[in-house]
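Structural characterization, general
Each chain, letter by letter, is given below.
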Amino acid sequence: MCPDCEDFARTVLLLGQLALYADTTGADLDFVDAVSPSLAASLPEPPTGEGS
């Protein structure tokens, strides 16, 4: 897998896991509110598939 593809997939996975965590009972929503914007901002451009 190309490095850009790995970064994109890893970041999307983390965002999904954070969303699931936010829906759990007792989740620290202050943590979710603090981390989610930064994680979303770090999302790289979707890979084009060229050069893989």
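Structural notes, computed from the coordinates. (Residues numbered from 1 in each chain as written. Predicted model: local features only at pLDDT ≥ 70, side-chain atom pairs only at ≥ 80, totals over all residues. Heavy atoms only, no water.)

Residue placement: Pro 47 occurs in the segment after α2 (29-41). Taking relative accessible area as the criterion, Pro 47 reaches 31% and is therefore assigned partly exposed. Sequence separation between Pro 47 and Glu 6 is 41 residues; the distance between their C-alpha atoms is 9.1 Å. Contact partners of Pro 47, with chain neighbours within four places excluded, come to Asp 4, Cys 5 and Phe 8. (Helix = DSSP H or I, 4+ residues; strand = E, 2+ residues; numbered from the N terminus. Buried < 20%, exposed > 50% of the residue type's maximum accessible area, 1.4 Å probe, protein only. Contact = heavy atoms within 4.5 Å.)

Look at α2: 18 Å from first C-alpha to last across 13 residues, which is about the 18 Å you get at 1.5 Å a residue. Along its length, α2 shows its largest kink, about 30 degrees, at Val 35, and proline Pro 37 lies within four residues downstream of that point. The N-capping residue of α2, defined by a side-chain oxygen 3.2 Å from the backbone nitrogen of Asp 30, is Asp 28. (Expected span 1.5 Å × (residues − 1). Bend = angle between axes of the 7 residues up to and from the residue. Polar contact = N/O pair within 3.5 Å; in protein donor to acceptor, adjacent residues only side chain to side chain.)

Right, let's talk about the environment of Leu 43 for a bit. Looking at the secondary structure, you find Leu 43 in the segment after α2. Remark: the alpha-carbon pair of Leu 43 and Val 32, spanning eleven residues in sequence, is separated by 16 Å.

A few words on the side chain of Thr 11. Within the element layout of this structure, Thr 11 appears in helix α1 (residues 3-22). Residue classification places Thr 11 among the buried positions, given a relative accessible area of 10%.

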